[in-house]
Amino acid sequence: MKSPAAATALFALAIATVTARAALGQELEQEPAPAPEPAPAPAPEQEPAPAPETAPTPVDTSKLWFSGYAQIDWVLHNQTSQDEVDHSTGLPLNQDRFVLRRGHVRLDAEEGLLAAALEIDLNTVTAPQVRPVDAEISFHWPQEADPDDFSMAVALGLMKIPFGFEVPELDSVRPFLERSTAMRALFPGEFDLGARLSLRYGPFVAAVAVMNGNPSASRIFPALAPTGDKDFIGRLGARAEIGPSVKLEAGVSAETGTGFHQGTPTTKDQLVWRDENGDGVVQATEVEVIAGSSATPSQTFHRFALGADARLTVSIRPLGDLALRAEVVRSQNLDRGVELADPVTAGHDLRELGWYLGATQEISSWAMVGVRYDRYDPDQDASRQEALNLVPANRSYGTLALMAMLRYRRGRLVLEYDRNDNALGRDPSGAPTTLKADALTLRGQVVF
């Protein structure tokens, strides 16, 4: 009988023998792995195929941008102001108030040789209103014009009237609060509907327009055309540097067209009773018959204007630019804003004369001061009756404007005193006298 130790040793030896045989059999059953095949030779390099041809990408020449400005007036004092209402219009006579004089929003678009503009005005001058002031489409050539080369533009729509210097001047650029009396009388609103051709070559500029003849703020038929005839308007100007710090701009303008006198309708006979003795009883002597009248046809009349303008700018260091401006207009039957010109009613042609002289001086880039005097006579042949005699009458308007301005970037604050002279008043005897109409106004403006 074997001892337990010997049995354990024999068992361990048997296990080792079996394990060795199993490993040897596994190795014999496995076949040797085949040798790897040689890698194929690389293909010869080929030139890359050319990229397919594509059409060139067009250059985007379209432009679109917004701009505008706001002018807020505080009328500190106006001598014509009254705490009363004008019963003929229903509007208050008080002028000492805050007013949105102009709030303009403008959209300009341009693509290649074509351009368009739309400008809207918001104001509270008489009542809150929104109205278009500029709406035009135009063709200009060349696309990128050099100031010294020839360029042209043809425009159609509601646009500035090309007469003189002050009428086309932008409201946001003009140093004085408003235009002179003559320009507001002859070209109220400064915009009219029509077509315009503008030319520029070097220092010369020219503009010719055919328009309806009733500006946007005309007293009758504003922005309309009561007649089929059109007004022809044009300006020829030039600019020159007459010294190292001196620039001169000058031009001549003209307008010719047709005015309109509105006819009257047919009226019936009327029976009128005037209770002269106040007894409430109809008396035969208190009854009056007013005969009717037949209709009268509308009529047209000729009107024209000739003008000249000049502006001299002198750079004075270290203050800034000194600008002198002057303009004169001789016209006939053209007043459409202050005293409506109607030679049919007046019985004679109305000869008008207007002019102004002005000067502004910059005081650094922060401030400016200015003075302007303008005068306008709506009828140089006016007369009035004195007893049995017919004597000449002076119906001129004159305004002395004193201006002081503070500027900061795109904003400015303007204080202006207007000393107005006119013949709209009457003295106790009924004779014409000056109507007190001086005004002191503070205006804030921001351009965006």
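Residues numbered from 1 in each chain as written. Predicted model: local features only at pLDDT ≥ 70, side-chain atom pairs only at ≥ 80, totals over all residues. Heavy atoms only, no water.

**Remarks on the overall build of the protein chain**
So, point 1. A tally of regular secondary structure across the protein chain gives three helices and 24 strands.
So, point 2. The proportion of buried residues among the 448 residues of the protein chain is 34%.
So, point 3. If you take every contact in the protein chain between residues at least 6 apart in sequence, the share linking residues at least 24 apart comes to 59%.
So, point 4. Just so you have it, the protein chain exposes about 27400 Å², and 62% of that area is on carbon and sulfur atoms. (Helix = DSSP H or I, 4+ residues; strand = E, 2+ residues; numbered from the N terminus. Buried < 20%, exposed > 50% of the residue type's maximum accessible area, 1.4 Å probe, protein only. Contact = heavy atoms within 4.5 Å. Areas by Shrake-Rupley, 256 points an atom, 1.4 Å probe, with all protein chains shown as cover.)

**Considering the side chain of Glu255**
So, point 1. Along the chain, Glu255 falls in strand 11 (residues 246-261).
So, point 2. Beyond its immediate chain neighbours, meaning those up to four positions away, Glu255 contacts Phe163, Phe187, Asp231, Phe232, Ile233, Arg303, Phe304, Ala305, Leu334 and Arg336.

**Some remarks on the pairing of strand 10 (residues 231-243)**
So, point 1. In the sheet, strand 9 (residues 204-211) pairs with strand 10 via eight bridges, with the strands oriented antiparallel. Note that in strand 10 the partner of Val208 across the bridge is Gly234.
So, point 2. Note that strand 10 and strand 11 share 11 bridges and pair antiparallel. Bridge pairing in strand 11 links Phe232 to Thr256. (Pairing = 2+ DSSP bridges.)

**Here's the deal with the pattern of salt bridges**
So, point 1. In this structure the tally under the stated criterion is 26 salt bridges.
So, point 2. One salt bridge in this structure joins Arg101 and Glu178, with 3.2 Å as the shortest N-O distance. Taken together, the positions of Arg101 in strand 4 (residues 98-111) and Glu178 in the loop between strand 7 (150-160) and helix 2 (181-186) put the pair 77 residues apart, joining distant regions of the chain.
So, point 3. By relative accessible area, Arg101 is classed as partly exposed at 24%.
So, point 4. Residue classification places Glu178 among the buried residues on the basis of a relative accessible area of 19%.
So, point 5. For Arg179, the salt bridge goes to Asp171, with nearest N and O atoms at 2.8 Å. (Salt bridge = Lys/Arg side-chain N within 4 Å of Asp/Glu carboxyl O.)

**Here's the deal with the environment of Thr124**
So, point 1. Its place among the elements puts Thr124 in the loop between strand 5 (114-123) and strand 6 (129-141).
So, point 2. Expressed as a C-alpha distance, the spacing of Thr124 and Ile72, which sit 52 residues apart in the sequence, is 10.0 Å.
So, point 3. Dropping the residues within four chain positions of it, Thr124 is found in contact with Arg97, Val99 and Leu100.
So, point 4. Polar side-chain contacts of Thr124 include one of 3.0 Å to the backbone nitrogen of Leu100. (Polar contact = N/O pair within 3.5 Å; in protein donor to acceptor, adjacent residues only side chain to side chain.)

**Description of the pairing of strand 20 (residues 397-408)**
So, point 1. Pairing between strand 17 (residues 367-377) and strand 20: 10 bridges, direction antiparallel. Following the sheet pairing, Val369 is matched in strand 20 by Ala404.
So, point 2. Where strand 20 and strand 21 (residues 411-421) come together, 11 bridges link them in antiparallel fashion. Paired with Met403 across the two strands is Glu416, which belongs to strand 21.
So, point 3. Connecting strand 20 to the next strand, strand 21, in antiparallel fashion are two residues, including Arg409 with a positive phi near 55 degrees.

**Digging into unusual backbone geometry**
So, point 1. Between Trp141 and the following residue, Pro142, the backbone shows a cis peptide bond with an omega angle of -5 degrees.
So, point 2. With respect to the helices, strands and loops of the structure, Pro142 is situated in the loop between strand 6 and strand 7.
So, point 3. In this structure, Arg409 takes a positive phi of about 55 degrees despite not being glycine.
So, point 4. Summarising the element assignment, Arg409 is placed in the loop between strand 20 and strand 21.
So, point 5. When its relative accessible area of 78% is taken as the criterion, Arg409 is described as exposed.

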